[in-house]
Structures are given as C-alpha cells and as structure tokens.
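Spelled out from the first residue to the last, the chains are:
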Amino acid sequence: MRELVRRIEEATPAGRDRAVDALRAFAILGVVLGHWLVTALVFDSGTVHGASPLQQMPQLAPISWAFQTLAVFFLVGGQVATKSYASARARGETYGQWLRARLGRLFRPVAAVLVVWLVAAGGMLASGVGLDTLHTLLKLVLSPLWFLLVFAALTAATPLVTRVHPLWPLAVVLYVDVYRFGNGGAQWTGWIDLPAGWLVPFCLGALWARRGAGTSLRATGWVLLAGGSGVTALLVLFAGYPASMVGVPGAAMSNLNPPTLAAVTFGLAQCGAALLLLGPLRRVLRRPMVWAVVALVNLSAMTIFLWHQTSMMAVTCLGLFAGGGLPGLHTVPDGGTWVLARLAWLPVFALMLTVCRLTFRRYEQPRRRGSRVVREGRPGRVREARRA
C-alpha cells in the first residue's frame, strides 16, 4: 500500500488541481450510494419488481438532496473537457483525434457491460425467467446510460460550449417549464430540458476553465449556493415541484426524468458548494494517502458507475440462496426498519462492486506496451506511472 501511494504521488504533476478529481469522485460515489439507498428489488410470487423507499416514506426526500450529484459531475466535465481540448489544440491535435480519445475512454467500459448483460439476459430467458423480471433488471442496468449519452454529446460539443454562457440554457429550461406546466403545453417538450438542463453546469464548468481560479471564484460559489438554494425552495414550496430530486415510482411528476427547473437550480446550488470546497479540498489532498484514494476512484470512475447496479442485484440474487425475504434486501421498503437494514447491506454491495471493479477495470484502463505508461485524460483522469 505504501508503495502504491508513493507511485501515485510521484506520478501526479505538481500543478494538478487535485480538488477537481475529488469533486468528480464525490459525484460518482454520490450517484452510487443514492441508487443503493433509494432502489429496492422486491420478490413477489416469483416476479421481481422495483420499488423505492421514497414511495412509502416521502419524508426521506432529503436523502436525494445529498446523493443526486450529477450537476457536480457535469460541472467538472465541462471544466476538464475545455482544458483538455485547449491542450490538444496546443499540441497540434485535430478535433477528431481529441474526440475519439475522449469518447473511447467513455464507451469501452460500456461495451463490456452490454455484452455481459446480453449474455445474462439470454441465459435468464432460456432458464424461464419472466419478461417482467427481466425488464426490471435491465431497466436498472441500462437506464443510467442516458447520462453517458448526454455527457458524450456535450463533450463532443465542447468547442461550441466554450462560447455559451450558462444563462442561455438556463433560460431554455425556464421557458420549457413555463410552457408545459404553466400553459398546459405538450409534455414531450420537457425532453428539451434533458440536454439544456445538463448544459447549464457543463457551461459553468467551461466558464470556470476559461477564467481560471481567480478571486471571484469564491464569490461565484456563494452566489450559486444561496441563489440556487433559494430558488429551489420557492419552486418546491409554491410552484408544485416535487421535493425529491430523483424520480419516485408512481409519482405524477419527476424532477429528473426529464430534468426540471427545480433540478437545474438545485444543481447550481450544488455547483456553488463545490466551488466553495475547492480550497479545503486542496489542503486535505496534500496528504498522499487521501490523494491516493481519490486517484484510484477516478481511475475506475466509469467502471464503478456502470457496475454498481449490477453489484446490488448480484447481492440481492445471492441472498435468495439464504432463504430469501432478507430485511433491506428483498422486503418492501416501507419503514425505518428497512432503512436500517439497507444501511447494513451497503458494505456488502461495496464488496461486490470491488469484485466487479477488479474484473472489468481493464476496459477502462487498457494495457499498453512499453516500459512506462502515463494514463491521462480519461473520465476521472489522473497520471499514473505503471510498469507494463
């Protein structure tokens, strides 16, 4: 362990902003923990169906405030993509070369997930698993991929995004919500908010990259935190927006599918908090051990994201061999007992995710020939010297 920490510390450029990597790791782990806490698989008469504790216990909505961290990921994504593209141009790389490298690092791990689940789905059908059960499982695995598609599209648009102020996509979200909620407009128009909503923090990250870490960054953080929090509270209390920042099965309205104005303003508040945390994070990450943990999470960020639902489902299915009906794993999420039991299962989910990470990380970190390889520029990027 000490040797690994030393190698990571030595391979990290002196000028690297480690806080950016910490924010990315926080965003990925927030999504993972959020899914594990608000997603349940209930076995009923031989069929598996999804459920959420937020259905039965709406008072748990604040959980979604802590773990719906996608806005921070898009903020960091915009900042990193903008700087990466500028560096590529300075090195003489074309847009096509830069984009192929960026998207390749995104979609190689996706291909591994799709192949594994294609085989697994075929096996389950052949063994007599019902279509309803298969649909539930595949939905949990595939639904998070929408985020990667949007992220890839915004990454591809980086040369244009660098010229767009965040207020422009925010105005689009505001207009669409007024149209569909205030004027009874067509609900399908809400899907315009899918790219526009996440373009807001992505553009904010691009603006951050262009202006650098000046003295106004902290002031911007306070404005975003106070303004975003205040507007979100008004929208929830007086405009009918849900308090939960994630989708709740059976709810008439979702803040996330597609994103609403409340989700976007809440995301701006999160971005403000992230900017305010940059200073403290930089100080903490001077410690080699802390930085090594952040670096390792970033090196497997996509693997962790893509396999966390599979890990939860694997533990849930293995629990059936213990007799089934295990609290917090197979039971209906309808009370405090379920929440406590679920918290106890989180380390088991994490252990299974570690197994998945060790098995599939090669698709995110492909081996290369040579005596010394420097990894750089992938999602969660950090330089790491490695002996081939």
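Remember, it's a predicted structure, so these values are computed and weren't measured experimentally. (Residues numbered from 1 in each chain as written. Predicted model: local features only at pLDDT ≥ 70, side-chain atom pairs only at ≥ 80, totals over all residues. Heavy atoms only, no water.)

### Quick look at the environment of Ala263
The test is simple: Only DSSP runs of H or I reaching four residues or more are called helices, and only runs of E reaching two or more are called strands; each is numbered from the N terminus. Pairs of residues are marked as contacts when any of their non-hydrogen atoms sit within 4.5 Å.
For Ala263, the position within the fold is in helix H13 (residues 261-284). If near-sequence neighbours (up to four positions away) are discounted, Ala263 is found in contact with Met245 and Asn255.

### A closer look at the side chain of Ser254
Going by this rule: Pairs of N or O atoms within 3.5 Å make up the polar contacts considered here, provided that, within protein, one atom can donate a hydrogen while the other can accept it, and that residues adjacent in sequence are counted only when both atoms are side-chain atoms.
With respect to the element layout, Ser254 can be found in the loop between helix H12 (216-238) and H13. Within the local environment of Ser254, its side chain forms a polar contact with the backbone nitrogen of Leu256, the two atoms lying 3.1 Å apart. There is a polar contact of 3.1 Å between the side chain of Ser254 and the backbone nitrogen of Asn257. Beyond its immediate stretch of four places on either side in the chain, Ser254 contacts Gly247 and Thr260.

### With respect to the packing of helix H6 (residues 95-126) against helix H7 (residues 131-142)
Note the threshold: Angles here are taken between N-to-C directions and fall from 0 to 180 degrees, while the axes themselves are lines fitted to C-alpha atoms, restricted in helices to the stretch in contact. Relative orientations are named as follows: roughly parallel for angles under 35 degrees, roughly antiparallel for angles over 145 degrees, roughly perpendicular for angles from 65 to 115 degrees, and oblique for any other angle. By the convention adopted, Pro, Cys, Tyr, Trp, Phe, Met, Ile, Leu, Val and Ala count as nonpolar, Lys, Arg, Asp and Glu as charged, and the other residues, Gly among them, as polar.
The contact between H6 and H7 brings their axes to 11 Å, and the two run at 170 degrees. Put simply, H6 runs roughly antiparallel to H7. Contact residues: H6 offers Val113, Leu114, Trp117, Ala121, Met124 and Leu125, while H7 offers Leu131, Leu134, Leu137, Leu138, Val141 and Leu142. By residue class, the composition of the contact of H6 with H7 is 12 nonpolar, no polar and no charged.

### So, the pairing of strand E2 (residues 47-51)
Heads up, the condition is: Here the rule is simple: two strands pair whenever DSSP picks up at least two bridges between them.
Where strand E1 (residues 40-44) lies against E2, 5 bridges are found, and the strand directions are antiparallel. Among the inter-strand pairings, Leu41 is bridged to a residue of E2, identified as Gly50. The hairpin turn running from E1 into E2, its antiparallel successor, is 2 residues long, and Ser45 in that turn takes a positive phi close to 55 degrees.

### So, the confidence of the model for the chain
What counts here: The pLDDT value tells you how sure the predictor is about a given residue, anywhere from 0 up to 100.
Confidence in the prediction for the chain averages 88 pLDDT; 93% of positions are at 70 or higher. Here strand E3 (residues 373-374) stands out as the least confident element of the chain, with mean pLDDT 35; H13 is the most confident, with 96. Overall, residues 369-388 carries pLDDT values under 50, and its contacts beyond four positions in sequence, including any with other chains, amount to 61 contacts.

### So, helix H1 (residues 2-11)
The test is simple: Accessible area is worked out with a 1.4 Å probe on protein chains only. A residue is then buried under 20% of its type maximum, exposed over 50%, and partly exposed in between. To be clear, the arc concerns the directions from the helix axis to the C-beta atoms.
Restricting attention to buried positions, one finds in H1 the residues Val5, Ile8 and Ala11. The arc that holds the buried residues of H1, viewed along the axis, is 140 degrees, so those residues lie on one side. Residues of H1 that are exposed and point more than 90 degrees away from the buried face comprise Arg2 and Glu10.

### Notes on the state of the cysteines
The criterion, for reference: Note on disulfides: each one is a pair of cysteine sulfur atoms within 2.5 Å.
For the coordinates displayed, the defined rule picks out 0 disulfides. In this structure Cys203 is a free cysteine whose sulfur lies 11 Å from that of Cys271, the closest cysteine sulfur available. With a relative accessible area of 0%, Cys203 lands in the buried category. Cysteine Cys317 remains unbridged, with the sulfur of Cys356 as its closest cysteine sulfur at 12 Å. For Cys317, a relative accessible area of 34% puts it in the partly exposed group.

### Topic: the pattern of salt bridges
Quick reminder of the rule: Definition used for salt bridges: Asp or Glu carboxyl oxygen within 4 Å of a side-chain nitrogen of Lys or Arg.
The full count for this structure, using the stated rule, is 9 salt bridges. Taking the shortest distance from any N to any O, the salt bridge between Glu3 and Arg6 comes out at 2.4 Å. Note that Glu3 and Arg6 are positioned in helix H1 at a spacing of 3 residues, about one turn of the helix. Accessibility expressed as a relative area gives 42% for Glu3, which makes it partly exposed. Arg91 is the partner of Glu93 in a salt bridge, and the nearest nitrogen-oxygen pair spans 3.1 Å. When salt bridges that share partners are traced, they join Glu3, Arg6 and Glu10 into one network.

### Here we look at the packing of aromatic side chains
For the record, the criterion: Put simply, two rings from Phe, Tyr or Trp (the six-membered ring, in Trp's case) pair if the centres are within 6.5 Å, and we call them stacked under 30 degrees between planes, edge-to-face over 60, tilted for the rest.
This model, assessed by the stated rule, comprises 17 aromatic pairs. Ring geometry for Trp146 versus Phe147: centroids 6.4 Å apart, planes at 80 degrees, classification edge-to-face. Among the aromatic residues, those joined into a ring-pair cluster are Phe73, Phe74, Trp146, Phe147, Phe151, Trp198, Phe202 and Phe305.

### Quick notes on the nonpolar core
Put simply, the rule is: Residues enter a nonpolar core if they are buried and are Ala, Val, Leu, Ile, Met, Phe, Trp, Tyr or Cys, with the set joined through side-chain atoms within 4.5 Å.
Among the nonpolar cores identified, the biggest contains 99 residues, and Phe74, Leu148, Trp198, Trp208, Leu306 and Met313 are the most heavily contacted of them. The leading source of residues in this core is helix H2 (residues 18-38), at 12 residues. Ignoring any residue separated from it by four or fewer positions in sequence, one finds Met313 in contact with Leu41, Trp117, Leu137, Leu140 and Val141.

### What to know about unusual backbone geometry
The linkage connecting Asn257 with the following residue, Pro258, adopts the cis geometry, with an omega of 5 degrees. Among the secondary structure elements, Pro258 is positioned in the loop between H12 and H13.

### Let's talk about the side chain of Ser311
Looking at the secondary structure, you find Ser311 in helix H15 (residues 301-319). Assessed through its relative accessible area of 0%, Ser311 is described here as buried. Ignoring any residue separated from it by four or fewer positions in sequence, one finds Ser311 in contact with Phe349, Met352, Leu353 and Cys356.

### Describing helix H10 (residues 167-182)
Put simply, the rule is: Helix span, as expected, comes to 1.5 Å for every residue beyond the first.
End to end, H10 covers 21 Å across 16 residues, agreeing with the expected 22 Å (1.5 Å per residue, within 8%). Buried residues along H10 sit in contact with helix H11 (193-211) and H13. Residue Gly184 follows H10 closely and has a positive phi angle near 65 degrees.

### So, the environment of Gly221
Locating Gly221 in the fold gives a position in helix H12. Here Gly221 falls in the buried class, since its relative accessible area comes to 0%. Distance from Gly221 to Leu275, taken between C-alpha atoms, is 5.2 Å for residues 54 residues apart in sequence. Beyond its immediate chain neighbours, meaning those up to four positions away, Gly221 contacts Gly272, Leu275 and Leu276.

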